[in-house]
Amino acid sequence: MAVNCGIVGLPNVGKSTIFQALTSAPAEAANYPFCTIEPNVGIVTVSDDRLDEITKRITPQKTIPTIIEFVDIAGLVKGASKGEGLGNQFLGHIRQVNAIAHVVRCFEDTEVVHVNGKVDPADDITTINFELALADLEVVEKRLSNLPKALKSQNKDVSGRAKVQLPILEKMKEHLEAGNAARTMELSEDDLDVIKEFNFITLKPVLYLCNVDEDGLSEDNEHVKEVKKIAEADGSKVIKICGKLESEISALETDEEKAEFLEAAGLEKSGLQILTKEAYDLLGLQTYFTAGEKEVRAWTFKSGYKAPQAAGIIHTDFERGFIKAEIYHCEDLFSLGTEQKVKEAGKLRIEGKEYVVKDGDIIHFRFNV
Ligand SMILES: Nc1nc2c(ncn2[C@@H]2O[C@H](COP(=O)(O)OP(=O)(O)O)[C@@H](O)[C@H]2O)c(=O)[nH]1
Ligand SMILES: [Mg+2]
């Protein structure tokens with residue numbers, strides 16, 4: 001399942017620094033054939049303690065974590081929606097991502113020029129969000145101008161679709177014109193389904209990423225406090241990261257060195273580990289595992305998936321030919337110690353097509369093609 005998160009923000013806020021730190025230890029691309037391989041796309045493994053614990057108990061030949069793609073989206077400046085900067089090119093990239101990490105400069109450094117001359121998170125966020133709202137507005141207006149024709153279409157599918165889209169898009173137009181993000185509108189699941197085809201940018205979930213200096217990590221500075229206020233009103237999450245520190249950590253060679261560095265800095269996890277985890281949660285993603293002697297592997301699925309859908313993530317044949325799934329939970333493995341003991345304790349279950357997969361399930365699919 002290809003899941004990706006776009007990194008946006010004004011120029012010089014630290015996007016590329018964070019992106020480069022994130023992707024300094026790239027995942028082995030061969031394991032992830034569905035990924036996009038482009039210079040501004042990085043495949044980042046999602047660290048998961050449970051995967052390490054399963055590996056210890058099963059001792060497979062190899063362990064493959066699940067991943068998330070990060071896309072460094074440059075070119076967002078005032079006027080981007082009108083083609084300023086990299087304008088349209090950037091907008092094309094951002095329409096394709098599942099979630100947005102919005103980097104906000106919350107560090108002071110006279111050596112690093114701010115595009116508007118001073119560090120002002122509220123103003124920066126407004127600028128970016130305004131451009132994104134304008135970009136969506138353009139899509140809405142274009143569709144609205146085509147609707148009268150579509151409404152008169154002989155094709156019932158076309159006219160029917162236009163009819164349900166009309167009131168939603170009209171409401172959305174007003175909302176966007178006021179500079180608001182579409183995600184702050186009240187829209188039902190059905191509404192969302194009807195407008196899915198437009199890939200609205202401001203409907204995507206957002207995570208604000210405060211790029212702070214080292215002091216800002218332990219205590220929120222004024223800039224961070226401001227971002228938190230905005231995010232709260234917006235229903236978005238905020239995390240802090242120190243781009244400079246992350247790039248120092250990522251330059252270290254071994255995991256041991258990285259762990260020592262973090263400990264010395266008084267940190268439990270790197271900002272990047274927190275970011276990948278948060279991005280994962282933001283998207284409502286969960287993990288199940290497959291575990292055999294050859295390979296222990298983590299797989300990403302959307303919460304609510306039933307067993308055949310989850311199987312389809314491994315291979316479409318698994319979904320088509322799904323028969324049943326043998327399932328136990330990783331916590332049972334951790335408490336009982338071995339797969340054999342899990343079986344003896346009666347914790348291994350056979351589930352059918354209607355089973356809703358749980359985060360942390362260890363699954364063996366039976367299928368027939
Ligand atoms: N002091 C400080 N400088 C940073 C930090 N993160 C990035 N920079 C510097 O800010 C400048 C712009 O960073 P860059 O990642 O290229 O920004 P982008 O334009 O958003 O991609 C570079 O000179 C970075 O070294 C940070 O956390 N602290
Ligand atoms: Mg950059």
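Treat the numbers as computed from the prediction; the structure is a model and nothing was measured.

S.K.: How do you make sense of the domain arrangement of the protein chain when you look at a structure like this?
M.R.: Accessible area lost when the parts come together is the quantity often used to give the size of an interface. What the domain assignment lists for the protein chain is domain 1 (4-117 + 204-282), domain 2 (128-202) and domain 3 (304-367). Taking only C-alpha atoms, the centre of domain 1 and the centre of domain 3 are 32 Å apart. Counting the surface lost from both domain 1 and domain 3, the interface buries some 580 Å², and carbon and sulfur atoms represent 69% of this. In this assembly, domain 1 and domain 3 are joined by 1 salt bridge. Linking Asp-359 and Arg-50 is a salt bridge whose minimum nitrogen-to-oxygen distance equals 3.2 Å. Applying the counting criterion to the domain 1 and domain 3 interface returns 1 residue pair in polar contact (both at pLDDT 80 or more).

S.K.: I would appreciate a short explanation of the state of the cysteines in the present structure.
M.R.: The bond known as a disulfide is covalent and runs between the sulfur atoms of two cysteines. According to the stated counting rule, one finds 0 disulfides in the structure shown. As a non-bridged cysteine, Cys-106 has Cys-210 as the owner of its nearest cysteine sulfur, 3.9 Å distant. Here Cys-242 stays unpaired: no disulfide links it, and the sulfur of Cys-106, its closest cysteine neighbor, is 12 Å away.

S.K.: How do you make sense of the pattern of salt bridges when you look at a structure like this?
M.R.: Considering all chains together, one arrives at 18 salt bridges under this definition. A salt bridge links Lys-56 to Glu-53, with the nearest nitrogen and oxygen atoms 3.0 Å apart. Taken together, the positions of Lys-56 and Glu-53, both in helix H2 (residues 49-58) and 3 residues apart, correspond to about one turn of that helix. A salt bridge links Lys-173 to Glu-177; the shortest N-O distance between them is 3.3 Å. On the criterion of helical spacing, the pair formed by Lys-173 and Glu-177 is a turn pair, its members being 4 residues apart in helix H5 (residues 156-177).

S.K.: Would you mind going over the packing of helix H1 (residues 15-22) against helix H11 (residues 271-282) with me for this structure?
M.R.: In the contact formed by H1 and H11, the axes pass within 10 Å of each other and the chain directions differ by 90°. For the element pair H1 / H11, the angle class is roughly perpendicular. Seen from H1, the contacting residues are Ile-18, Ala-21 and Leu-22; seen from H11, they are Leu-272, Leu-275 and Thr-276. Taken together, the residues of the contact of H1 with H11 break down into 5 nonpolar, 1 polar and no charged.

S.K.: Can you walk me through the pairing of strand E5 (residues 99-105) in this structure?
M.R.: Burial analysis of E5 places 7 of its 7 residues in the buried class, the great majority of the element. Burial of E5 is two-sided: the residues Ala-99, Ala-101, Val-103 and Arg-105 facing one way and the residues Ile-100, His-102 and Val-104 facing the other way are all buried. Strand direction decides the pairing type here: strand E1 (residues 4-8) and E5, joined by 4 bridges, are parallel. Considered in E5, the bridge of Ile-7 is made with Ala-101. When E5 meets strand E6 (residues 206-211), the two strands line up parallel, connected through 6 bridges. Each residue of the ladder has a partner; that of Ile-100, found in E6, is Val-206.

S.K.: Looking at this structure, how should I read the layout of surface pockets?
M.R.: With a probe scaled to a water molecule rolled over the atoms, the places where space remains empty come into view. Here the largest pocket defines a volume of roughly 880 Å³. Thr-45, Ser-47, Asp-255, Lys-258 and Gln-273 are the residues nearest the centre of the largest pocket, which is lined by 26 residues in total. Mapped onto the lining of the largest pocket, the elements with two or more residues apiece are H1, strand E2 (41-45), H2, helix H9 (243-251), helix H10 (255-264) and H11. The biggest single contributor to the lining of the largest pocket is H10, with 4 residues. Its volume calculated, the second largest pocket comes out at about 610 Å³. Together, 20 residues line the second largest pocket, and Leu-192, Lys-196, Leu-203, Pro-205 and Lys-302 are the ones closest to its centre. The residue inventory of the lining of the second largest pocket, partitioned by class, reads 11 nonpolar, 3 polar and 6 charged. When residues of the lining of the second largest pocket are assigned to domains, at least three fall in each of domain 1 (4-117 + 204-282) and domain 2 (128-202).

S.K.: Explain the side chain of His-175 to me, please; I cannot follow it from the model alone.
M.R.: Along the polypeptide, His-175 turns up in helix H5. Side chain to side chain, His-175 and Thr-184 meet in a polar contact 2.9 Å long.

S.K.: I tried to follow the packing of helix H4 (residues 121-151) against H5 on my own but got confused; where do I start?
M.R.: When two helices pack together, their arrangement is given by the angle between their axes and by how far apart the axes lie. It is at 9 Å that the axes of H4 and H5 come closest, and there the two elements cross at 145°. Crossing geometry of H4 relative to H5 is assigned as left-handed. Listed contacts from H5 to Ala-133, Asp-136, Leu-137, Val-140, Glu-141, Arg-143, Leu-144, Leu-147, Ala-150 and Leu-151 of H4 are Val-158, Ser-159, Ala-162, Lys-163, Gln-165, Leu-166, Leu-169, Glu-170, Met-172, Lys-173, Leu-176 and Glu-177.

S.K.: I keep staring at helix H8 (residues 222-234) and nothing clicks. Help me out?
M.R.: Helix length check: H8, at 13 residues, gives a terminal C-alpha distance of 19 Å against a target of 18 Å (1.5 Å per residue), a fit within 8%. Looking only at H8, the buried set comprises His-223, Val-224, Val-227, Ala-231 and Asp-234. Angular distribution of buried residues about the axis of H8 spans 90°; they occupy a single face of the element. Facing away from the buried side of H8, by more than 90 degrees, are the exposed residues Glu-222, Lys-229, Glu-232 and Ala-233. Elements that come into contact with the buried residues of H8 comprise E5, H4, E6 and strand E7 (237-241). The backbone nitrogen of His-223 has a side-chain oxygen 3.0 Å away, supplied by the residue at the start of H8, namely Asn-221. Positive backbone phi, at 75°, marks Gly-235, one or two positions downstream of H8.

About the cut-offs
- Residues numbered from 1 in each chain as written.
- Chains lettered and ligands numbered in written order.
- Predicted model: local features only at pLDDT ≥ 70, side-chain atom pairs only at ≥ 80, totals over all residues.
- Heavy atoms only, no water.
- Domains from an automatic or database assignment.
- Buried area = accessible area lost by both parts, 1.4 Å probe.
- Salt bridge = Lys/Arg side-chain N within 4 Å of Asp/Glu carboxyl O.
- Polar contact = N/O pair within 3.5 Å; in protein donor to acceptor, adjacent residues only side chain to side chain.
- Disulfide = S-S within 2.5 Å.
- Helix = DSSP H or I, 4+ residues; strand = E, 2+ residues; numbered from the N terminus.
- Axes fitted to C-alpha atoms, helices over the stretch in contact; angles between N-to-C directions.
- Parallel < 35°, antiparallel > 145°, perpendicular 65-115°, else oblique.
- Contact = heavy atoms within 4.5 Å.
- Nonpolar A, V, L, I, M, F, W, Y, C, P; charged D, E, K, R; others polar.
- Buried < 20%, exposed > 50% of the residue type's maximum accessible area, 1.4 Å probe, protein only.
- Pairing = 2+ DSSP bridges.
- 1 Å grid on protein atoms, 1.4 Å probe; cavity = no way out; pocket = protein on both sides within 12 Å on 5 of 7 lines; lining within 4 Å.
- Points joined across faces, edges and corners; volume = space filled by probe spheres on them.
- Left-handed = near helix turned anticlockwise from the far one by under 90°.
- Expected span 1.5 Å × (residues − 1).
- Arc of directions from axis to C-beta.

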